[in-house]
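Notes for the structure review
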Amino acid sequence: MKIEFVFDVLYPFSYIAFQQLKKTWDEPNIHHVELVPVKMVPEISNDSLDILQYLKDKYGTEAAYKKLDQVKFAAYEQDLVIDLDHMKHMPNSTLAHQAILAVDHRFDQFSLTQAIFHAIFTKGSDISNPEIMKEIIDGIGLDSTKIMRNIQTKDTTEQLEDIHQRIMSLPTHPTPYYLVDGEIYEHDGSFSALQNLLKIS
């Protein structure tokens, strides 16, 4: 059984869901999960995007603030700190997603993803800046020179495009979510449901 976690590092709910996934790392008899980073807000170009204004334009002011309140509540449930002020200037996620794909080992890939989430939502770091990305990579003890080189040699641009096309071909679904053998897996978002999904019977 192949299980994939589809997410965008700029989505706070991806950060929240990733914390649940992280709790399963050391549990015995669970399926490995492949990370599938995908850019879900194409409006973010090389410049940053004011997410609050984006939500207002797309859903209206009342619905925009309601969505932010949902983020705050979900983060509180997971004992996470998310500084929503940073969402006023959300950077392009392409480099971050490329870096995740360029990591050779699964555990290191998960560690880098966690570090990127932390940099975005607690520090407001510009993850589109290569120098900042190098600092994030070095900060968790990985070789930033090697990973930044792997971004080119592994052709992560093509990998991201292939991922994007595959995800866009699926039925529309709120991000993040899980795929099981290529099909969207519906669950209630609870940790117990995630454990049931991952447990090897």
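The structure this text deals with has already been given above.
Let me sum up the structure you'll find in this document.

Cut-off values and rules
Residues numbered from 1 in each chain as written. Predicted model: local features only at pLDDT ≥ 70, side-chain atom pairs only at ≥ 80, totals over all residues. Heavy atoms only, no water. Axes fitted to C-alpha atoms, helices over the stretch in contact; angles between N-to-C directions. Helix = DSSP H or I, 4+ residues; strand = E, 2+ residues; numbered from the N terminus. Parallel < 35°, antiparallel > 145°, perpendicular 65-115°, else oblique. Left-handed = near helix turned anticlockwise from the far one by under 90°. Contact = heavy atoms within 4.5 Å. Salt bridge = Lys/Arg side-chain N within 4 Å of Asp/Glu carboxyl O. Buried < 20%, exposed > 50% of the residue type's maximum accessible area, 1.4 Å probe, protein only. Pairing = 2+ DSSP bridges. Core = buried A, V, L, I, M, F, W, Y, C linked by side-chain atoms within 4.5 Å.

1. Quick notes on the packing of helix H1 (residues 12–22) against helix H3 (residues 61–77)
One can describe the packing of H1 onto H3 by two numbers: an axis separation of 10 Å at closest approach and a directional angle of 15°. Considered as vectors, H1 and H3 are oriented roughly parallel to each other. The element H1 and its partner H3 pack so that their crossing is left-handed. Residue-level contacts link Pro-12, Phe-13 and Ile-16 of H1 to Gln-70, Val-71, Ala-74 and Ala-75 of H3.

2. Re the pattern of salt bridges
For the structure on display, the rule yields 6 salt bridges. Measuring nitrogen to oxygen at the nearest pair gives 2.8 Å for the salt bridge that ties Arg-166 to Glu-4. Separated by 162 residues along the polypeptide, Arg-166 in helix H8 (residues 156–168) and Glu-4 in strand E1 (residues 3–7) bring together distant segments of the chain. Looking at Glu-4, the relative accessible area reads 3%, which means it is buried. Linked through salt bridges whose partners overlap, the residues forming this network are Lys-2, Glu-4, Glu-34 and Arg-166.

3. Observations regarding the sheet that holds E1
Read across the sheet, 4 strands follow the order E2-E1-E3-E4 without closing on themselves; strand pairing throughout is mixed. Edge positions in the open sheet fall to strand E2 (33–37) and strand E4 (183–185), since each of these has one partner strand only. Going from strand to strand, the sheet's axes swing by 35° on average, the running direction of each strand aside. Sheet analysis places E1 next to E2, joined by 5 bridges and oriented parallel. Bridge pairing in E2 places Phe-5 opposite Leu-35. Seen against the sheet, H8 touches E1, E2 and strand E3 (177–180) and runs at an angle of roughly 95° to E2. Sheet strands touched by helix H9 (residues 191–198): E1, E2, E3 and E4. Its angle to E3, the strand with the most contacts, is close to 20°.

4. Points about the pairing of E3
A regular strand places its side chains so that they alternate between the two faces of the sheet. Here E3 shows a buried face lined by Tyr-177 and Leu-179 and a second buried face lined by Tyr-178 and Val-180. Examined bridge by bridge, E1 and E3 share 4 bridges and lie antiparallel to one another. Paired with Val-6 across the bridge in E3 is Tyr-177. The loop that links E3 with its antiparallel partner E4 comprises 2 residues; one of these, Asp-181, has a positive phi angle of about 50°.

5. Points about the nonpolar core
Phe-5, Val-9, Leu-21, Ile-116, Ile-127 and Met-133 are the most contacted members of the largest nonpolar core, which has 55 residues in total. It is helix H5 (residues 106–123) that provides the largest number of residues to this core, a total of 8 residues. One finds Leu-101, Ile-163, Leu-170 and Leu-179 within the second-largest nonpolar core, a separate group that totals 11 residues.

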